[in-house]
Each structure stands twice: as C-alpha cells, then as structure tokens.
Amino acid sequence: MKLQLEKIELRELEMPLKTRFETSFGVTTKRRVIIVRVFDRDGASGYGECTAMEHPFYNHETVDTSWAIISKFIAPMLATACVSSAGEVGDALSAIQDNRMAIGAVETAIWDLEAKKANVPLWQYLGGTKKEVNCGVSIGLQKSPEILLDKVAHEVESGYQRIKLKIKPGQDIEFVSFVRSHFPGITLSVDANSAYELERDIELFKKLDECNLLMIEQPLAAGDLVDHAKLQKHLKTPVCLDESITSLMDARHALELEACRIMNIKLGRVGGHSEARAIQAFAAKYNIPVWCGGMLESGIGRAHNIAMSTLPGFTLPGDVSASARYWEEDIIEPPVVVSSLGTIIAPTNPGIGYEVKENLIEKLSVKRESISLT
Ligand code: OSB
Ligand code: MG
C-alpha cells in the first residue's frame with residue numbers, strides 16, 4: 001500500500017516530570033517534547049516523537065535544532081522525494097549529516113502511518129517476534145546512598161528486571177557498592193553518560209568491575225571508541241555503548257574494535273526504525289546483546305520503543321518503563337503499564353497501538369507548525 005504524504009504537523013509540548021532526573025550532564029525537571037504527526041492524502045495519520053533534549057549535552061541535538069531541521073530541511077526534502085514507504089525515508093534524507101533525532105521523529109511517524117494503513121500493529125509490521133518485552137529502570141543521581149537505596153527497593157518491588165544507576169565522578173563506587181551490598185542478587189548496571197576518562201579513572205573502573213554489574217554504560221567520551229576498546233580489555237564487566245552508536249557504521253566500528261560487548265539502541269539517536277532494526281540484526285550476528293534505551297519519552301516515543309523492543313536482537317531488559325514513573329497523565333491511552341514480572345505486553349491495535357489523546361496534546365502545546373508535503 002503506497003503512501004502519499006500530504007503534510008507534517010509539529011507540536012511542542014511542555015510536560016513536567018513527576019520527579020527530577022539527574023545525570024552526569026545535568027538535571028531535567030520538565031521535558032519539551034516535539035510530537036510529529038504525518039498525514040497521508042487518504043486521511044490516515046501517524047505519530048512520532050523527537051527524543052532530543054533541551055540542551056546539547058547528551059548529544060549535539062536540541063529541541064530547537066530538531067524543530068528547525070525538520071521544518072527547513074526534512075519536510076521539503078520529503079516533499080521532493082515523494083516517498084511511498086517508510087523504508088525509503090533514510091535514502092530520501094541521506095544528504096543530511098547527523099541530526100538523527102530530528103530524522104527519527106519523522107521516520108518513526110511514517111512507520112506508524114504505514115502500519116496503520118496496513119492495519120497491523122507496528123511491532124509486527126517491523127518484524128518483531130516477542131509479544132512481551134522485558135523492562136528495567138534507569139534511576140537518576142541521588143543525594144545520598146540511602147536515598148538511592150530506597151528508590152532501588154521501590155523499583156525492585158515493582159518487578160523491574162534490571163536496575164540501572166546513573167553515576168558521575170564523586171558519585172559512583174560508594175553509591176554502587178552500597179546498593180550492591182543490600183541487594184546482592186539483583187541485575188544491576190551503571191551509566192556514566194561519558195563522564196570519565198580512561199587514564200584518570202582506571203582505578204575506579206577496576207573497583208566497579210568487582211560489583212558484579214551486568215554492564216558499564218558509556219563510561220567515556222562518545223567519539224572515543226579506541227579508549228572504550230582499551231577499557232573493555234581491562235574489565236570482565238561488559239562495556240555497553242549508548243552515545244557512541246549513532247548508526248550501523250558506528251556499530252560496525254565498535255564491534256570490529258571490540259569497544260563494547262553490549263549495545264544500547266535508541267530510536268532517536270540512530271534516526272529511526274530502519275537503522276535500529278539494521279543495528280540489532282548486525283549485533284545479533286556478532287552475538288552482541290542489545291536493549292532499548294530511553295530518553296524520558298512521552299507515551300508516543302514509549303510506544304515506538306516497545307515496538308522496537310520486540311525485535312529478536314533485543315535480548316536484555318530495556319529502559320522502557322511505565323508511563324506513571326514519568327507523567328501525571330500520559331498523552332496516550334491506555335498508559336504504558338508494566339506487569340509484576342517486569343514486562344510490557346505489546347499492543348494489538350494497528351500502528352503504535354495506543355490511542356493518542358489529541359485534546360491533551362492541544363492543551364499542552366506551546367508551539368505549532370504545519371508543513372505541506374505536496
Ligand atoms: O543515557 O540512557 C541515558 C535519559 C536522558 C538522556 C540519556 C539517558 C537517559 C536515561 C533515562 O537513562 C531512561 C528513561 O527512563 O527514559
Ligand atoms: Mg545511557
């Protein structure tokens with residue numbers, strides 16, 4: 001069924017987080033979320049979410065740069081290219097360097113549209129094989145080890161299968177070993193968001209290596225695959241790359257250099273479903289497990305994350321957790337819920353499989369733009 005794209009609608013929503021989320025690069029208290037809606041000429045539409053942050057600290061993109069790239073380049077290029085399927089979007093936009101969160105926002109919306117037109121749940125349409133996905137949580141930096149331990153206990157009781165702790169220099173081994181000593185049996189990992197340096201911090205990594213962690217996520221700078229490879233050689237704990245992997249090519253470089261043993265895939269960071277699917281298939285050939293990362297998404301991005309997580313290479317629990325951990329009221333219906341076994345059941349409705357609350361989106365919108373694609 002060929003697509004005939006008619007227009008793109010952009011909305012920026014302001015969504016306060018229930019609780020502040022702190023990482024090595026800063027504190028987030030509310031999200032500015034760009035929602036993309038693509039319309040087909042037959043009236044069908046699909047939704048995507050831009051996962052760029054408010055600042056260029058996680059990667060180079062921001063909410064404002066993504067909006068500009070979508071409006072000034074992606075939309076006009078799609079209008080010219082006349083794409084007839086979501087799989088063609090990558091080629092149509094290949095002249096754009098980086099800016100993959102902007103691309104991913106639109107690409108995922110077009111996948112939702114196409115799956116809806118085919119009347120199939122997006123996860124099945126993508127080739128997903130799992131009816132249920134395994135969930136973990138990411139816990140932000142906390143003021144004290146005791147406060148952190150309380151948060152961990154709460155998430156373990158909720159059933160989450162893997163707990164990830166954010167770390168940064170000065171807030172690392174003390175916090176991690178405190179949690180580990182109280183929970184010797186849980187699946188635990190840490191995420192540094194690029195905050196360390198190999199030579200300066202090697203002693204710290206050796207201590208973390210004794211904490212029985214599932215992985216150490218993105219310890220070093222995003223561009224530094226060479227030092228990640230050196231670090232991995234010193235550690236029995238797998239290094240997991242997040243920020244470093246923006247494409248299938250990055251994934252290939254990382255695996256050829258043996259810079260990691262696990263990969264985190266984020267739809268936004270890699271530019272959408274096509275690239276994400278290619279990366280997980282490539283990683284599977286190397287026996288490298290992958291999992292779905294999160295960017296504090298609203299329900300729309302979360303629904304896309306669930307669809308992606310059903311692909312066969314996603315063998316580890318992701319940072320895909322319940323809507324209620326983030327939002328008083330999510331913009332999808334029903335909200336994403338997690339079972340007491342720490343799983344999310346893939347939806348059975350077409351496309352992303354959740355109803356989008358258009359009225360709530362309208363209420364939360366602080367900026368709007370509509371761009372014709374004809
Ligand atoms: O590194 O995984 C990360 C949030 C914002 C930016 C980067 C990261 C994160 C998270 C949160 O860890 C995951 C989530 O709960 O959405
Ligand atoms: Mg990360």
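Because the structure is predicted, anything quoted here is derived from the model rather than measured.

Quick notes on the rules
- Residues numbered from 1 in each chain as written.
- Chains lettered and ligands numbered in written order.
- Predicted model: local features only at pLDDT ≥ 70, side-chain atom pairs only at ≥ 80, totals over all residues.
- Heavy atoms only, no water.
- Salt bridge = Lys/Arg side-chain N within 4 Å of Asp/Glu carboxyl O.
- Helix = DSSP H or I, 4+ residues; strand = E, 2+ residues; numbered from the N terminus.
- Axes fitted to C-alpha atoms, helices over the stretch in contact; angles between N-to-C directions.
- Parallel < 35°, antiparallel > 145°, perpendicular 65-115°, else oblique.
- Contact = heavy atoms within 4.5 Å.
- Nonpolar A, V, L, I, M, F, W, Y, C, P; charged D, E, K, R; others polar.
- Domains from an automatic or database assignment.
- Buried area = accessible area lost by both parts, 1.4 Å probe.
- Polar contact = N/O pair within 3.5 Å; in protein donor to acceptor, adjacent residues only side chain to side chain.
- Pairing = 2+ DSSP bridges.

1. Comments concerning the pattern of salt bridges
Reasoning step 1: A complete count under the given rule lists 28 salt bridges for this structure.
Reasoning step 2: Two residues, E362 and R11, come together in a salt bridge whose shortest N-O distance is 3.3 Å. Taken together, the positions of E362 in helix α13 (residues 358–364) and R11 in strand β1 (residues 5–23) put the pair 351 residues apart, joining distant regions of the chain.
Reasoning step 3: Notably, a salt bridge pairs R269 with D242, separated by 2.9 Å at the nearest N-O pair. Residue R269 is located in helix α10 (residues 267–270), and its partner D242 is located in the loop between β9 (239–241) and α9 (248–256); the two are separated by 27 residues in the primary sequence.
Reasoning step 4: Taken together, the salt bridges that share partners define one network made up of R162, K164, K166, D191, E217 and D319.

2. Structural notes on the packing of helix α3 (residues 100–118) against helix α11 (residues 273–285)
Reasoning step 1: Viewed as axis vectors pointing N to C, α3 and α11 meet at an angle of 95 degrees, and their least axial separation amounts to 8 Å. Here α3 lies roughly perpendicular to α11, going by the angle between them. Note on element contacts: α11 touches α3 through H273, S274, E275 and R277, opposite R100, E107, T108 and W111.
Reasoning step 2: By residue class, the composition of the contact of α3 with α11 is one nonpolar, three polar and four charged.

3. Comments concerning the domain arrangement of the protein
Reasoning step 1: With domains assigned, the protein is organised as domain 1 (5–119 + 357–368) and domain 2 (124–345).
Reasoning step 2: Using C-alpha coordinates to define each centre, domain 1 is positioned 23 Å away from domain 2.
Reasoning step 3: Taken together, the contacts link 40 residues of domain 1 with 45 residues of domain 2.
Reasoning step 4: Counting the surface lost from both domain 1 and domain 2, the interface buries some 3,500 Å², and carbon and sulfur atoms represent 62% of this.
Reasoning step 5: Joining domain 1 to domain 2, the criterion identifies two salt bridges.
Reasoning step 6: With its nearest N and O atoms 3.6 Å apart, the salt bridge here joins E333 to K357.
Reasoning step 7: In this structure, the connection of domain 1 to domain 2 is made through 20 residue pairs in polar contact (both at pLDDT 80 or more).

4. Focus on the sheet that holds strand β8 (residues 216–217)
Reasoning step 1: Read across the sheet, seven strands follow the order β5-β6-β7-β8-β9-β10-β11 without closing on themselves; strand pairing throughout is parallel. The two strands at the open ends of the sheet, each matched to only one other strand, are β5 (137–139) and β11 (290–292).
Reasoning step 2: Bridging between strand β10 (residues 262–265) and β11 involves three bridges; their strand directions are parallel. In the strand pairing of β11, I265 is matched with C292.
Reasoning step 3: Contacts between α11 and the sheet are confined to β10 and β11, with β10 contributing the most and set at about 170 degrees to the helix.

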